Amino acid sequence: MMRIVIFPRSYRAGRSFRIFCAFAHLLPRINLHVLCPALLFVMCSFPFVVQCQSKNNSAAYGFVRFNVKGRDTATFRLSKPAYPFPGRKNVVIRVMPELEGATGVKSAGKITVLELSADAEVLIALPQTFDPQNDAYRPILDSALTIAGLPPYRIYALRLPSGIHSIDKESEDGFIAAVIAPGQTGPRRNGKKPDGREWRPYLVDGFLKEKPLFEILSGNGQIVIDEGMPGTEGIQGGFESGTCVKVSGVYHLFPTERAGKAGKGPEYDRVKTRIGHWESNDAIHWTRTGTVYQSSGTYAISESDNPMNDRRGAIWSFNAVFNKEADRWYGYYLSYTVDKNIRPNHSFGRIWRTISQTKGFAGIGGPYDEGTLIMEPGLDSQPWEGRQGVASFYPFPVEGGWLAFYAGAFPFHSWADYPKKTSLGWLIGLASAKTMDGPWTRLDTTMNPVKSINPEFLENPLVYKLKDEGYIAIFDGGPDDNGHHFVNMIGYAVSRDGLHWSEARYIPLHTKIQAWWNVMRTPLCLIPEGDNNFTVLFAAINSKRFHPIGSVRLKMDTRVFEQLLKF
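**Q** Please set out the nonpolar core residue by residue, giving values where relevant.
**A** Judged by nonpolar contacts, the single largest core of 102 residues is most densely connected at Phe-214, Trp-286, Phe-405, Ile-453, Ile-472 and Leu-509. Top element by residues in this core is strand 27 (residues 401–409). It accounts for six residues. Beyond its immediate sequence surroundings of up to four residues, Trp-286 is in contact with Val-224, Ile-225, Cys-244, Tyr-251, Leu-253, Trp-278, Glu-279, Ser-280 and Leu-537. By size, the runner-up hydrophobic cluster in this structure holds 25 residues, among which are Leu-78, Leu-141, Phe-175 and Ile-180.

Here's what the structure looks like:
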């Protein structure tokens, strides 16, 4: 149901004027030739602020128009995400429905100058740990906003007449959240938004002062492989991680299929896995052509890294990279020991290199050999790799040889914590080799882990060299659910040499396309399509057990890329 709420812009005490026209249920009986001219007459007779409200968001405020004064003052849309402070990375993560879409004001310093077109209530956002001294500040909404790196935010209402006002926010951490028509706030309420100090501040493309690297092209972002589609038979839990490459106009996708087993719970989807091979001519319509590898699905019998355990209990993250010298496709994938009782259940990861038995680019579909073990837990492991590491592997060429990102998770603070005393963290490091055949050597702990990108969460990075200008890595930025406090977006970082990497930035797909996911997971590719357009496939989680694969098209601004490389 939709209703129209009409507020006059000019208010005085005792003369508040509102018209509520809840008409959706009357439409079949109303002559619109009569209704529309009547509404038009009313709206033209008064300077109104008009707001349409849906039944599901009936608490939304009616806003008053205003102008900002001062060179260091700007407006912004209060939403997820938004940056309410100039030059700072504290990003809005949660917003009460009443404030969603409001026009906020950010300014340097404590003073903000506004010109109000009518009497209004200015809503001032301040940390709940701060106690303002102005008695005219009336608290109306507790825990109304979550802002990364900061305490929960309380909203105060300040009643002001029309005209120009210098508003003292009293704190550098304060900002104007909205300017609304008087008389709407009602009794004080609690929005129960969480404490922003659980999140690290981060950078989101398109919401910063700088131009975004990627434009999210409209009209795309749909699910391309979902439960019930041909080829998904026998896959209980959908997809996560892997890679996709384009060869002679055909897309080849190697996702981790969370096969599980009918009759068993979803936790077994992470154990009984397989690497599938799918093909498509357009990255939208897919045909499953075969299975590259599959795991045993067997649980460990020992809590330690004991050779009596099945070390291929689960198989994940197949990445295909072409070796020009060998004229063959190399595949790198991950096998785990799986423990039923210890977190994480994926433990003691090992990296295998496998080679296509068919020469040339046409050999992308395999068959692949049994594989050679190239990296595993051992005397050269580093404590940050943790109980789960080694947890992924992606090689890329650099001057003089090769580097590879490899991952760890649930790190140990020291080897005294081995094997069960872990902490939280999903980290990456670098290994080097002269050729793709190895041997691969971990860089030392002056370089590893690579924390410049994100020191808390970075999973399954894929690296691409863009001509001679530099490298870009895309990766899973981490979930924002079930007690995790990460960005829930695909991230990227750039590098001039593959060794030194910029701070992560994140791509807000949910702001441009209809989000069908609750939790964003792993990107599977960044495939160039010409004219600086790129195809990105990604795995994500919605409300079902089956995790689909989606597709989105991005356009890169190469001038921004060149600028980012100057970090």
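**Q** Please provide a residue-by-residue account of the sheet that holds strand 15 (residues 203–204), values included.
**A** Strand pairs in the sheet, formed through backbone hydrogen bonds, run parallel or antiparallel to each other. What the five strands build is an open sheet, ordered 15-33-32-31-30; its pairing is mixed. Two strands lie at the open edges of the sheet, namely strand 15 and strand 30 (459–466), each paired on one side alone. The pairing of strand 31 (residues 470–476) with strand 32 (residues 490–495) spans six bridges and is classified as antiparallel. Across the sheet, residue Tyr-471 finds its bridge partner in strand 32, namely Ser-495.

**Q** Go over the packing of aromatic side chains with me, naming the residues and quoting the values.
**A** Inspection of the entire model under this criterion finds 36 aromatic pairs. Relative to Tyr-156, the ring of Tyr-137 has its centre 6.1 Å away and its plane inclined at 40°; by these criteria the two rings are tilted. With a gap of 19 residues between them, Tyr-137 in the loop between strand 9 (120–127) and strand 10 (138–147) and Tyr-156 in strand 11 (residues 153–160) connect regions that are remote in the sequence. Both rings, one in Trp-517 and one in Phe-538, keep their centres 5.6 Å apart while their planes meet at 80°; by these two values the pair is edge-to-face. Of this pair, Trp-517 sits in the loop between strand 33 (505–507) and strand 34 (519–523) while Phe-538 sits in strand 36 (residues 533–541); the two residues are 21 residues apart in sequence, bridging distant segments of the chain. An aromatic cluster is defined as three or more aromatic residues linked by ring pairs; in this entry it consists of Phe-76, Phe-85, Tyr-153 and Phe-175.

**Q** I'd love a proper account of the sheet that holds strand 20 (residues 274–280), names of residues and values included.
**A** In spatial order, the strands read 18-19-20-21; together these four strands make up an open sheet with antiparallel pairing. With partners counted over all chains shown, the strands left at the sheet margins are strand 18 (239–247) and strand 21 (287–294), one partner each. Shown here is a sheet whose adjacent strand axes are inclined to one another by a mean of 20°, direction ignored. As judged from the seven bridges shared by strand 18 and strand 19 (residues 250–257), these two strands associate in the antiparallel manner. Within the sheet, the bridge partner assigned to Gly-242 lies in strand 19 and is Pro-255.

Calculation rules
Residues numbered from 1 in each chain as written. Predicted model: local features only at pLDDT ≥ 70, side-chain atom pairs only at ≥ 80, totals over all residues. Heavy atoms only, no water. Core = buried A, V, L, I, M, F, W, Y, C linked by side-chain atoms within 4.5 Å. Buried < 20%, exposed > 50% of the residue type's maximum accessible area, 1.4 Å probe, protein only. Helix = DSSP H or I, 4+ residues; strand = E, 2+ residues; numbered from the N terminus. Contact = heavy atoms within 4.5 Å. Pairing = 2+ DSSP bridges. Phe/Tyr/Trp six-rings, centres within 6.5 Å; stacked < 30°, edge-to-face > 60°. Axes fitted to C-alpha atoms, helices over the stretch in contact; angles between N-to-C directions.

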